[in-house]
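Remarks on the overall topology
Below are the chains, spelled out letter by letter.
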Amino acid sequence: MRIQASAPGKAILFGEHAVVYGKPAIAVPLSGIRAAATGIARANPLAIFAEDLAPFPLKIGGEHCDQPNPLALMACLTTKHLGATSIKGDISIRSDIPIASGLGSGAAVSAALGRAIARLHDLEIPDADLNRLVFEVEKLHHGTPSGIDNTVVVFEMPIYFVKGAGAEFINFGKPLRLVLADTGIASLTRDAVADVRSMAHCEPARIARVFDEIGNIVNEARDCIERGARDRLGALMTANHRLLQALTVSSPELDILVDAALGAGALGAKLSGGGRGGNIIALAEEDAVAAIERNLLEAGAKRVMTTVAGKGSQDDDSD
Ligand code: PMV
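Scope of this entry: the structure provided in the associated data block.

About the thresholds
Residues numbered from 1 in each chain as written. Predicted model: local features only at pLDDT ≥ 70, side-chain atom pairs only at ≥ 80, totals over all residues. Heavy atoms only, no water. Helix = DSSP H or I, 4+ residues; strand = E, 2+ residues; numbered from the N terminus. Rg over C-alpha atoms; globule rule 2.2 N^0.38 Å. Buried < 20%, exposed > 50% of the residue type's maximum accessible area, 1.4 Å probe, protein only. Contact = heavy atoms within 4.5 Å. Areas by Shrake-Rupley, 256 points an atom, 1.4 Å probe, with all protein chains shown as cover. Lys, Arg positive; Asp, Glu negative; His and termini not counted. Charge placed at Lys NZ, Arg CZ, Asp CG, Glu CD. Disulfide = S-S within 2.5 Å. Phe/Tyr/Trp six-rings, centres within 6.5 Å; stacked < 30°, edge-to-face > 60°. Lys NZ or Arg CZ within 6 Å of the ring centre and 35° of its normal. Polar contact = N/O pair within 3.5 Å; in protein donor to acceptor, adjacent residues only side chain to side chain. Near = heavy atom within 4 Å. Nonpolar A, V, L, I, M, F, W, Y, C, P; charged D, E, K, R; others polar. Pairing = 2+ DSSP bridges. Axes fitted to C-alpha atoms, helices over the stretch in contact; angles between N-to-C directions.

Side note on the overall build of the protein chain
The number of helices and strands found in the protein chain is nine helices and eleven strands. Over its C-alpha atoms the protein chain spans a radius of gyration of 20 Å, differing by no more than 12% from the 20 Å that the globule rule assigns to 319 residues. In terms of overall dimensions, the protein chain has C-alpha extents of about 60 × 50 × 35 Å along its principal axes. By residue count, 55% of the 319 residues in the protein chain fall in the buried class. A separation threshold of at least 6 residues defines the contact pool for the protein chain, and within that pool the share at least 24 residues apart is 73%. Looking at the protein chain as shown, the accessible area adds up to about 13200 Å², and 52% of this sits on carbon and sulfur atoms. Taken as two groups, the 31 positive and 38 negative side-chain charges of the protein chain have centres that lie 4 Å from each other.

Here it is in structure tokens:
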């Protein structure tokens, strides 16, 4: 028996970092870039083959899932969740989501692996359960994750997310054309989150005001997304970027790409995710996409990608 499972990447449109402190954030799945797992039922104990990693046998199904490796932890948690004592077969994982670049690679790989393990047992894990398991693995990646990454990746829907309160799915008044550009710099979200925590500790009043302003932007952005008010939404993205600069999570490379997108006619642009490296996202009208992509590459982007969020919305003018 051979099974397939997958999960998408994601982009945070608004609210990263402040979301760790209880402010809302908005994220969309990137269904065009995915982590995929292929499983084959065999008699051997589960072996996971992942790009750049030697196959390694996993000790799973024990009392405690205290595995330091994210794949091993996900396998262990899933097996326990399914009530299985051991699991057999081979699973290969392939992902076209760049790692450590704010596009949800870790959560997508965990979600695809969890689904694949369940399917090898001829079972499906309900998304709500899978979301909880992936969140546990996110703690290895991020330390103190808000939960936004696992939620948008597992449910594969645009979400308005508040830590502890869960997610609301968002309806798009109009589709949004998003240009993503990668600095090519890998950066660890846990480090950026830790630095923001130190700042919040040292300057609580100033940082609380920044978080409040980001929260207000996110709420207005949700309204703009639902109404299809793209011009205002673009301005809000750029305003959110300025506040992320104030949190010191931008970088010269990210700022150069944001300016390049704006200079080529983007409606707005900001870093997306943990920052310090990784990707920026820019909001673009269709006829400006080619010029924006060109400018971003000339400004040093290692990779650009254009995607449409909210396809299928009422006023869908997407391809
Ligand atoms: O995984 P990343 O790099 O997209 O960052 C997640 C967003 C943060 O708000 C920085 C952290 C979190 O857990 O929400």
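Quick word on the state of the cysteines
Per the stated rule, a full pass over the model turns up one disulfide. Residue pairing for cysteine 65: its cysteine sulfur links by disulfide to cysteine 76, the two sulfurs lying 2.0 Å apart. Across the disulfide from cysteine 65 to cysteine 76, rotation about the S-S bond amounts to roughly -80 degrees, and the bridge is consequently left-handed. Highlighted residues: cysteine 65 in the loop between strand E4 (56-57) and helix H1 (70-82) and cysteine 76 in helix H1, separated in sequence by eleven residues. The exposure class assigned to cysteine 65 is buried, which follows from its relative accessible area of 18%.

Some details on the packing of aromatic side chains
What describes a pair of aromatic rings is the distance from one ring centre to the other and the angle between the planes of the rings. In this structure the tally under the stated criterion is two aromatic pairs. Both rings, one in tyrosine 21 and one in phenylalanine 211, keep their centres 4.6 Å apart while their planes meet at 20 degrees; by these two values the pair is stacked. Of this pair, tyrosine 21 sits in the loop between strand E1 (2-14) and strand E2 (25-45) while phenylalanine 211 sits in helix H6 (residues 204-227); the two residues are 190 residues apart in sequence, bridging distant segments of the chain. Taking relative accessible area as the criterion, tyrosine 21 reaches 30% and is therefore assigned partly exposed. For arginine 222, the ring lying beneath its charged end belongs to tyrosine 160, and the centroid distance is 4.5 Å.

Side note on unusual backbone geometry
Here alanine 100, not a glycine, exhibits a phi torsion of approximately 50 degrees, which is positive. Along the chain, alanine 100 falls in the loop between strand E5 (88-95) and helix H2 (105-120).

Here we look at the side chain of asparagine 279
Here asparagine 279 lies in strand E10 (residues 279-284). When its relative accessible area of 4% is taken as the criterion, asparagine 279 is described as buried. Within the structure, asparagine 279 has its side chain in polar contact with the backbone nitrogen of aspartate 182 (distance 3.4 Å). In contact with asparagine 279, other than residues within four places in its own chain, are Ser101, Leu103, Leu180, Ala181, Asp182, Leu254, Leu271 and Ser272.

Section: helix H4 (residues 148-155)
Burial analysis of H4 places seven of its eight residues in the buried class, which makes it a mostly covered element. Within H4, burial applies to Ile148, Asp149, Asn150, Thr151, Val152, Val153 and Val154. Looking at the buried residues of H4, the elements they touch are E1, E2, H2, helix H3 (127-142), strand E6 (159-162) and strand E7 (166-169). Phi for glutamate 156, located one or two positions after H4, is positive at around 50 degrees.

Focus on the site of the ligand
Around the ligand sit 15 residues, and of these Lys10, His17, Ser146, Asp149 and Thr189 come closest. At 2.8 Å from an oxygen atom of the ligand is found a main-chain nitrogen or oxygen belonging to histidine 17. For the ligand, an oxygen atom lies 3.5 Å from a polar atom in the backbone of glycine 102. Going through the elements one at a time, E1 and H4 are the ones with two or more residues in the shell around the ligand. Its residues placed into classes, the shell around the ligand shows five nonpolar, seven polar and three charged.

Here we look at the sheet that holds strand E9 (residues 268-272)
Strand pairing in a sheet takes place through backbone hydrogen bonds and is either antiparallel or parallel in direction. Spatially, the four strands line up as an open sheet ordered E9-E10-E8-E11, and their pairing is antiparallel. For this open sheet the edge positions go to E9 and strand E11 (303-309), each flanked by a neighbour on one side alone. Each strand axis lies, on average, 25 degrees off the axis of its neighbour in the sheet, ignoring direction. Relative to E10, strand E8 (residues 176-182) is paired through six bridges, and the arrangement is antiparallel. Residue valine 179 lies in a different strand from E10, and its bridge partner there is alanine 282. In this fold helix H7 (residues 230-246) packs onto E8, E9 and E10, with an angle of close to 40 degrees to the strand it touches most, E9.

Don't take any of this as a statement about function, it's just geometry.
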